Amino acid sequence: MPNLPPHTQVVVIGAGQAGLSVAYFLQRFQLEAGVDFVVLDRGPTTGGAWQHRWDALTLGSAHRVADLPGMSELGLSFATADHHRPAKQVVEEYYRAYEEHYGLRVFRPVEVMSVFNRGADLVVNARVPDEHDPDYREEIVTRLLVNATGTWRTPFVPYVPGIRDFTGIQISTNGYRSAEQFRGMSVVVVGGGTSAIGFLLELEGVASRLSWATRRPVRYTDDEALSLEGGVRAVAEQDAAARAGKPLPSIVQGTGVAKTRRIAAGIERGLLVERPMFTRIEPDGVRWPDGSFTQADAIIWATGFRPELRHLAPLRLHNIGGGVTVENGAVAADPRIFLAGYGPQASTIGASRAGRTVARQVVAAL
Ligand SMILES: Cc1cc2nc3c(=O)[nH]c(=O)nc-3n(C[C@H](O)[C@H](O)[C@H](O)COP(=O)(O)OP(=O)(O)OC[C@H]3O[C@@H](n4cnc5c(N)ncnc54)[C@H](O)[C@@H]3O)c2cc1C
């Protein structure tokens, strides 16, 4: 990989749906990739967070994956891709073709460790592993920064008394590889969204016992896919929280879960029956509100994610309420910083649209 350029106008952190979409529009607005703007990604390959998802998550079992802007020029669309293939493979391939076609020159694997102020500029400190030094660092000085880092490495796990004493396996959604990991085990799945439901469907017949806990009763919608009305409400709730600088609410609370045929059948045969959240974790299982106990070998926390912003800590963007005040991707506390794919933009369609909105503001700020 060539060395990082020491100076640029704009650094984009992340080459997922949001970062690529921003890069596409920056180029359309006449900025040169690798010179005027530089895209950095810590992943070993293309695909954003999708490259890390489990094989059984096919394009058909995911929610709709929206196309990147300008993808039709390559003759590609997720809508017409083979829905039986693992989503990770298809997204990896399509993003690779897209990056190459538009010459977006993503630098990878490059992990941004911190961003700090140096006078009017921003300094991006990045880990650029090479064969001699896995912790080799380089710096890029930039005027503006677009953070498009998603949420994959920052799953949220609610605190439950006893959680640290559990002796079995505990993983979050991002640690799930395949049902085989749990063969013959008694598994408790926690969470009220499609990931939790997907895990239960996959583990049926593989785990020796399955229990499902949710904080609230699951609100099913009768749509076969994510309902438009629910989607609009969830986006509005995310937007209101981002504008007010509050921590972002759960998306699934706003959208509900679409009752696909597969899910309806799972409810019908008694697999998808949720229980109210357990009140205590004991070393070998969970204790339910009615006092009953379930022995467990594993707990899977499918309880959502938080935005990954740790590397921006030196910029002090968080307010007292714990959130970052963001309007249309622009951070109120610092006009040089933009968050793409944050809050209301945190879906593939939202991230695609964010590209134009954020790139336009970036160009205006240069
Ligand atoms: C299990 C699951 C299923 C989902 N299914 C759907 C779906 O079907 N449809 C849908 O619309 N949405 C879905 N989503 C939401 C999905 O995450 C978004 O839609 C979208 O893929 C997010 O794009 P993004 O670019 O914001 O983030 P990501 O795809 O996470 O991309 C962020 C990129 O930033 C890089 N990065 C992060 N930190 C750093 C750093 N410090 N330095 C350098 N690089 C960094 C990462 O390597 C990654 O490539 C799903 C989410 C999950 C968790």
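Above this text is the structure in question.
The model shown is predicted, which means the values in this text are computed figures rather than measured ones.

### Comments concerning the packing of helix α1 (residues 17-28) against helix α7 (residues 348-365)
At step 1: Contact geometry of α1 with α7 gives a least axis separation of 7 Å together with a crossing angle of 40°. By the criterion of interaxial angle, the relationship of α1 to α7 is oblique. The two elements α1 and α7 cross, and the hand of that crossing is right-handed. Along its contact with α1, which presents Gln17, Ala18, Ser21, Val22, Phe25 and Leu26, the element α7 presents Thr348, Ala351, Ser352, Gly355, Arg356, Val358, Ala359, Val362 and Val363.
At step 2: When the residues that make up the contact of α1 with α7 are grouped by side-chain class, the tally is 9 nonpolar, 5 polar and 1 charged.

### Focus on the site of the ligand
At step 1: Taken together, 31 residues form the shell around the ligand, and within it Ala18, Asp41, His63, Val112 and Thr348 come nearest.
At step 2: The separation between a nitrogen atom of the ligand and a polar main-chain atom of Arg64 is 3.0 Å.
At step 3: Here an oxygen atom of the ligand and a side-chain polar atom of Thr348 are 2.6 Å apart.
At step 4: Starting from 990 Å² of accessible surface for the ligand in isolation, the protein chains cover 91%.
At step 5: Where the shell around the ligand is concerned, the elements lending two or more residues are α1 and β4 (111-118).

### A short note on the packing of aromatic side chains
At step 1: The full count for this structure, using the stated rule, is 13 aromatic pairs.
At step 2: Here the aromatic rings of Trp54 and Tyr176 are separated by 5.6 Å at their centres, their planes lie at 80°, and the arrangement is edge-to-face. Of this pair, Trp54 sits in the loop between β2 (37-40) and α2 (87-102) while Tyr176 is found in the loop between β7 (169-172) and β8 (186-190), placing the two residues 122 residues apart along the sequence. For the pair shown, Trp54 and Tyr176 are each scored as buried.
At step 3: With centroids separated by 5.1 Å and ring planes inclined at 25°, the aromatic side chains of Phe78 and Tyr94 adopt a geometry described as stacked. In this pair, Phe78 sits in the loop between β2 and α2 while Tyr94 sits in helix α2, placing the two residues 16 residues apart along the sequence. Across this residue pair, the class does not change: Phe78 and Tyr94 are buried.
At step 4: Aromatic ring contacts, followed pair by pair, group Tyr24, Phe25, Phe29, Tyr98 and Tyr102 into a single cluster.
At step 5: Directly above the ring of Trp50 sits Arg53, whose terminal nitrogen or CZ lies 4.3 Å from the centroid.
At step 6: A cation sits over an aromatic face here: Arg275 above Trp288, 4.0 Å from the ring centre.

### Some remarks on unusual backbone geometry
For residues that are not glycine, phi is negative in most cases, and the peptide bond is trans in most cases.
At step 1: Residue Pro109 is bonded to the preceding Arg108 through a cis peptide linkage, with omega at -5°.
At step 2: Phi at Arg316 is positive, roughly 55°, even though this residue is not glycine.
At step 3: Position of Arg316 relative to the elements: it lies in the loop between β16 (298-301) and β17 (326-327).
At step 4: We classify Arg316 as exposed; its relative accessible area is 71%.

### Remarks on the sheet that holds β16
At step 1: Across the sheet, 5 strands lie side by side as β7-β16-β8-β9-β12; this open sheet has parallel pairing. The open sheet has two edge strands, β7 and β12 (275-276), and neither has a second partner.
At step 2: Relative to β12, strand β9 (residues 209-214) runs parallel, the two being bridged by 2 bridges. Bridging from a neighbouring strand, Ala213 pairs with Arg275 of β12.

### Here we look at the pattern of salt bridges
Where charged atoms from two side chains of opposite charge come close, those side chains can pair.
At step 1: By the definition in use, this model includes 16 salt bridges.
At step 2: Arg275 serves as the salt-bridge partner of Asp290, at 3.8 Å between the closest nitrogen and oxygen. Of this pair, Asp290 sits in the loop between β14 (285-287) and β15 (293-295) while Arg275 sits in strand β12; the two residues are 15 residues apart in sequence, bridging distant segments of the chain.
At step 3: The partly exposed category is assigned to Arg275, whose relative accessible area is 27%.

### Points about the pairing of β16
At step 1: Residue alternation in β16 divides its side chains into two sets, Ala298 and Ile300 and Ile299 and Trp301, and both sets are buried.
At step 2: Examined bridge by bridge, β8 and β16 share 4 bridges and lie parallel to one another. Within β16, the position partnered with Val188 by the bridge is Ile299.

So, how was this worked out
Residues numbered from 1 in each chain as written. Predicted model: local features only at pLDDT ≥ 70, side-chain atom pairs only at ≥ 80, totals over all residues. Heavy atoms only, no water. Axes fitted to C-alpha atoms, helices over the stretch in contact; angles between N-to-C directions. Helix = DSSP H or I, 4+ residues; strand = E, 2+ residues; numbered from the N terminus. Parallel < 35°, antiparallel > 145°, perpendicular 65-115°, else oblique. Left-handed = near helix turned anticlockwise from the far one by under 90°. Contact = heavy atoms within 4.5 Å. Nonpolar A, V, L, I, M, F, W, Y, C, P; charged D, E, K, R; others polar. Near = heavy atom within 4 Å. Polar contact = N/O pair within 3.5 Å; in protein donor to acceptor, adjacent residues only side chain to side chain. Areas by Shrake-Rupley, 256 points an atom, 1.4 Å probe, with all protein chains shown as cover. Phe/Tyr/Trp six-rings, centres within 6.5 Å; stacked < 30°, edge-to-face > 60°. Buried < 20%, exposed > 50% of the residue type's maximum accessible area, 1.4 Å probe, protein only. Lys NZ or Arg CZ within 6 Å of the ring centre and 35° of its normal. Pairing = 2+ DSSP bridges. Salt bridge = Lys/Arg side-chain N within 4 Å of Asp/Glu carboxyl O.

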